[in-house]
Amino acid sequence: TGSTRPQRLLRAVQKKATQGDPQSVIATIDDFCRHSEWAMNVGDEKGLILDSIVSEVNPSTALELGTYCGYSTVRIARLLPPGGRCITLEFNPAYAAVARQVIAWAGIQDKVQLVEGPSGDLIPQMKELFGVQTFDFVFLDHWKDRYLPDAKLLEECGLLREGTVLLADNVICPGTPEYLQYVRNSPRYESRYFKSHLEYTKVEDGLEKSVFLG
Ligand SMILES: O=C(CSCCNC(=O)c1cc(-c2ccc(F)cc2)cc(O)c1O)c1ccc(O)c(O)c1
Ligand SMILES: [Mg+2]
């Protein structure tokens, strides 16, 4: 029984990154994915766009859908203001186990609540489980056919407020056509596309930033 790619990524972090230093965890993962094994982290190029939007929003409460190994969780949590927190949902227990250790290595575990389970079941429980009123920022990076139903669920559960920013990864590759069509045509969103590339490749991909208008 060999190791999995997430386990090898974690081993690289524990071997090469400085404990308590989020930037060095990010750099180690990017180096691993570029020079050893590709993995589906948002990556360094789209990561800079994510950083700039998180910094602009300066969220007290952020939601991430799809943790994977925790790379974007670390990118988001390192930028949160004091008292800010990121709730991240992961369906796959093996991914969640690795992500918890990556997040702990970066030293930002106090800002992160990682919850295992399907987003469709967990989103309606956000208020009762975590005392969330509304989210200031939502990063969508999980199963691509869950982006649209989960965006609608967030609306229905009253978890979005006027000005909440939704940022969606992979709107070109693998692609989320129904979600794009919805946010670009709904009068309840102001949407903008940030052209970039699929992580660690030259393939086109991009992020869609959609502001909920209430
Ligand atoms: O985490 C998951 C499911 S898997 C991760 C989704 N991400 C991807 O599939 C993903 C894939 C690619 C990619 C792969 C192969 C290619 F050739 C090209 C692109 C790139 C990305 O950046 C990605 O994010 C989850 C499911 C249900 C839940 O309710 C929940 O909360 C979480
Ligand atoms: Mg992605």
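This structure is a prediction, so every number in the text was calculated from the model and none was measured.

Chemist: Would you mind going over the site of ligand 1 in detail, with residue names and values included?
Modeler: The environment of ligand 1 is made up of 18 residues, and the closest members are Ser119, Asp141, Lys144, Asn170 and Glu199. Ser119 is positioned such that a nitrogen or oxygen atom in its side chain is 2.9 Å from an oxygen atom of ligand 1. Within the side chain of Asp169, one N or O atom sits 3.2 Å away from an oxygen atom of ligand 1. Its free accessible area being 700 Å², ligand 1 has 80% of it covered by the protein chains. Elements that contribute at least two residues to the shell around ligand 1 include exactly strand 2 (85-90) and helix 9 (171-175). Classifying every residue of the shell around ligand 1 gives 9 nonpolar, 4 polar and 5 charged.

Chemist: Quick rundown of unusual backbone geometry? Include the residues and the values.
Modeler: Put simply, Cys173 and Pro174 share a cis peptide bond, and its omega is 5°. Secondary-structure assignment places Pro174 in helix 9.

Chemist: Now, about the packing of aromatic side chains: what can you tell me, with residues and values included?
Modeler: Applying the stated criterion across every chain, the model contains 5 aromatic pairs. Pairing Tyr68 with Tyr95 gives two aromatic rings, centres 4.8 Å apart and planes at 85°, and the pair type is edge-to-face. Remark: Tyr95 occurs in helix 5 (residues 93-106) and Tyr68 occurs in the loop between strand 1 (61-65) and helix 4 (71-77); sequence separation between them is 27 residues. Accessibility expressed as a relative area gives 23% for Tyr95, which makes it partly exposed. Through a chain of ring-to-ring contacts, three or more aromatic side chains come together here, namely Tyr182, Tyr189 and Phe212.

Chemist: Just give me the short version of the environment of Leu122, but keep the residues and values in it.
Modeler: Mapping Leu122 onto the fold places it in helix 6 (residues 119-122). The class for Leu122 is buried, based on a relative accessible area of 8%. Considering only alpha carbons, one finds Leu122 and Leu89, 33 residues apart in sequence, at a separation of 7.9 Å. If sequence neighbours within four positions are ignored, Leu122 has contacts with Leu89, Val115, Glu116 and Gly117.

Chemist: I'd like a description of the pairing of strand 5 (residues 160-168), backed by residues and values.
Modeler: Inspection of the sheet shows strand 4 (residues 135-140) paired to strand 5 by 5 bridges, in the parallel sense. Within strand 5, the position partnered with Phe135 by the bridge is Leu160. Between the parallel pair strand 4 and strand 5, the chain is carried across by helix 8 (residues 147-156), and the sense of this crossover is right-handed. Looking at chain direction, strand 5 and strand 7 (residues 204-212) are connected through 4 bridges and run antiparallel. Note that in strand 7 the partner of Leu167 across the bridge is Lys209.

Chemist: Which residues make up the environment of Ser36, and what are the values?
Modeler: Inspection of the secondary structure puts Ser36 in the loop between helix 2 (22-35) and helix 3 (43-57). With a relative accessible area of 52%, Ser36 lands in the exposed category. Along the primary structure Ser36 and Ile172 are separated by 136 residues, whereas in three dimensions their C-alpha atoms are 25 Å apart.

Chemist: Outline helix 8, listing residues and values.
Modeler: Buried residues dominate helix 8, accounting for 7 of its 10 residues. Here helix 8 has its buried residues at Tyr147, Leu148, Asp150, Ala151, Leu153, Leu154 and Glu155. Phi for Gly158, located one or two positions after helix 8, is positive at around 65°.

Chemist: How would you summarise the pattern of salt bridges if you had to cite specific residues and measurements?
Modeler: Scanning all chains against the criterion turns up 16 salt bridges. In this structure, Asp205 and Lys46 form a salt bridge, with 2.8 Å as the shortest nitrogen-oxygen distance. Here Asp205 is found in strand 7, whereas its partner Lys46 is found in helix 3, with 159 residues between them in sequence. Each member of the pair, Asp205 together with Lys46, is buried. Note that Arg75 is salt-bridged to Asp51, the shortest N-O span being 2.7 Å. With a gap of 24 residues between them, Arg75 in helix 4 and Asp51 in helix 3 connect regions that are remote in the sequence. You'll find Arg75 and Asp51 in the same group, each marked buried. Three or more residues are tied together by salt bridges with common partners; here these are Lys46, Asp169, Glu199 and Asp205.

Basis of the calculations
- By convention here, each chain's residues receive numbers from 1 onward along its written sequence.
- Just so you know, chain letters begin at A and ligand numbers begin at 1, following the order they were written in.
- For this predicted model, a pLDDT threshold of at least 70 governs which residues receive local features, and a threshold of 80 or more governs which side-chain atom pairs are given and counted, while totals over whole chains, interfaces and linings are taken from all residues.
- In computing side-chain properties, one takes all heavy atoms of the structure into account and sets aside hydrogens as well as water.
- Summary of the distance rule: residues count as near a molecule or strand when at least one heavy atom falls within 4 Å of that molecule or strand.
- Pairs of N or O atoms are called polar contacts if they sit within 3.5 Å, as long as, within protein, a hydrogen donor faces a hydrogen acceptor (for residues adjacent in sequence, only side-chain-to-side-chain pairs).
- All accessibility values rest on the Shrake-Rupley procedure with a 1.4 Å probe; residue burial counts only the protein chains present in the view.
- By definition, any uninterrupted DSSP run of H or I lasting at least four residues is a helix, any uninterrupted run of E lasting at least two residues is a strand, and each is numbered from the N terminus.
- Only Asp, Glu, Lys and Arg are considered charged, only Ala, Val, Leu, Ile, Met, Phe, Trp, Tyr, Cys and Pro nonpolar, and every remaining residue, Gly among them, polar.
- Side-chain rings of Phe, Tyr and Trp, where Trp is taken by its six-membered ring, are said to pair if the distance between their centres is within 6.5 Å; with planes under 30 degrees apart they count as stacked, over 60 as edge-to-face, and otherwise as tilted.
- Per-residue accessibility, obtained with a 1.4 Å probe over protein chains only, is compared with the maximum for each type, and a residue is labelled buried under 20%, exposed over 50%, and partly exposed between these values.
- Throughout, a contact is declared for two residues whenever any of their heavy atoms are within 4.5 Å.
- Criterion used throughout: strands pair if DSSP finds at least two bridges between them.
- Orienting the strands away from the viewer, one traces the path from the first strand over the helix to the second; a clockwise path indicates a right-handed crossover.
- When a carboxyl oxygen of Asp or Glu is within 4 Å of a side-chain nitrogen of Lys or Arg, the pair counts as a salt bridge.

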